[in-house]
Amino acid sequence: NAGVTQTPKFQVLKTGQSMTLQCAQDMNHNSMYWYRQDPGMGLRLIYYSASEGTTDKGEVPNGYNVSRLNKREFSLRLESAAPSQTSVYFCASSGTSPGTQYFGPGTRLLVL
Amino acid sequence: AQSVTQLDSHVSVSEGTPVLLRCNYSSSYSPSLFWYVQHPNKGLQLLLKYTSAATLVKGINGFEAEFKKSETSFHLTKPSAHMSDAAEYFCVVSDQSTGFQKLVFGTGTRLLVSP
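Residues numbered from 1 in each chain as written. Chains lettered and ligands numbered in written order. Predicted model: local features only at pLDDT ≥ 70, side-chain atom pairs only at ≥ 80, totals over all residues. Heavy atoms only, no water.

Of the pockets and cavities examined, the largest pocket occupies roughly 560 Å³. Lining the largest pocket are 26 residues, with Gln37, Val88 and Arg108 of chain A together with Gln38 and Asn41 of chain B sitting closest to its centre. Residue assignment for the lining of the largest pocket shows that the elements contributing at least two residues are β9 (87-94) and β11 (107-111) of chain A together with β10 (87-95) of chain B. With 3 residues, the single largest contributor to the lining of the largest pocket is β10 of chain B. Surrounding the second largest pocket, 16 residues form its lining, Leu45 and Glu59 of chain A together with Leu103, Val104 and Phe105 of chain B being those nearest its centre. Broken down by secondary-structure element, the contributors of at least two residues to the lining of the second largest pocket are β5 (43-49) of chain A together with β11 (102-105) of chain B. The greatest single-element share of the lining of the second largest pocket, amounting to 4 residues, is contributed by β11 of chain B. (1 Å grid on protein atoms, 1.4 Å probe; cavity = no way out; pocket = protein on both sides within 12 Å on 5 of 7 lines; lining within 4 Å. Points joined across faces, edges and corners; volume = space filled by probe spheres on them. Helix = DSSP H or I, 4+ residues; strand = E, 2+ residues; numbered from the N terminus.)

All names here are of chain A. A full pass over the atoms with the stated rule returns 2 disulfides over all chains. With a sulfur-sulfur separation of 1.8 Å, Cys23 is cross-linked through a disulfide to Cys91. Of note, the bridge from Cys23 to Cys91 carries an S-S torsion of about -70° and is left-handed in sense. In this pair, Cys23 is assigned in strand β3 (residues 19-25) and Cys91 in strand β9, connecting sequence segments 68 residues apart. (Disulfide = S-S within 2.5 Å.)

Contact with chain B, which involves 18 residues of that partner, is made by 21 residues of chain A. For the pair chain B and chain A, the two sides together bury roughly 1,500 Å², of which 59% comes from carbon and sulfur. Its largest share of buried area at the contact with chain A, chain B owes to Leu44, Phe100 and Phe105 of chain B, together 32% of the area lost on that side. The tally of links between chain B and chain A comes to 0 salt bridges. At the level of elements, β5 (33-38), β6 (44-50) and β11 of chain B are the ones that each hand at least two residues to the side of chain B that touches chain A. Here the side of chain B that touches chain A is built from residues that sort into 8 nonpolar, 7 polar and 3 charged. (Contact = heavy atoms within 4.5 Å. Buried area = accessible area lost by both parts, 1.4 Å probe. Salt bridge = Lys/Arg side-chain N within 4 Å of Asp/Glu carboxyl O. Nonpolar A, V, L, I, M, F, W, Y, C, P; charged D, E, K, R; others polar.)

Given below as structure tokens:
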């Protein structure tokens, strides 16, 4: 039981490049989330998926897109990376208690 | 809108002394409140949660928090710090304004524990 897994762990991009962050959970959870963590700002919600087949914007969705591929997988795409997107990205999932979220280990993204 | 304010960005304690991490919340309805912990280079883990049952909530690793409505506070405490408690702690409030419960995180408090 791996919980929530994220790939890659670390990525360097040049401005304008695109990439997809992958997330998978093996807990049969309905809901999944993408956050970004920046120093002194806590975690901010980018997008979430309340259930398979649905996605909704969070607090900071600009510059990102998401896909809920199936119940297990929820990917985050940066179409044209910008230096302001340098951050640590966390994926999380939750089951019947939405406040109890399980987090992946994070992806460190540096955009030059 | 729901929000939390963590009053200290850093707290330093000696091993074996009490820990107090302060959090005030703002909510237009009876809130659900949480504390999450993040150890260095790790994801976040739930420490404890308050969901309108007992006002004193016990969590993992000896931590507890008390919900005080009159003070709009939800401070995290531990009687005796251990070196392994060094981490960043986030106070979190639930936001159900869209009909789906989302979490709103505070800015975090870094706990430093010295020998």
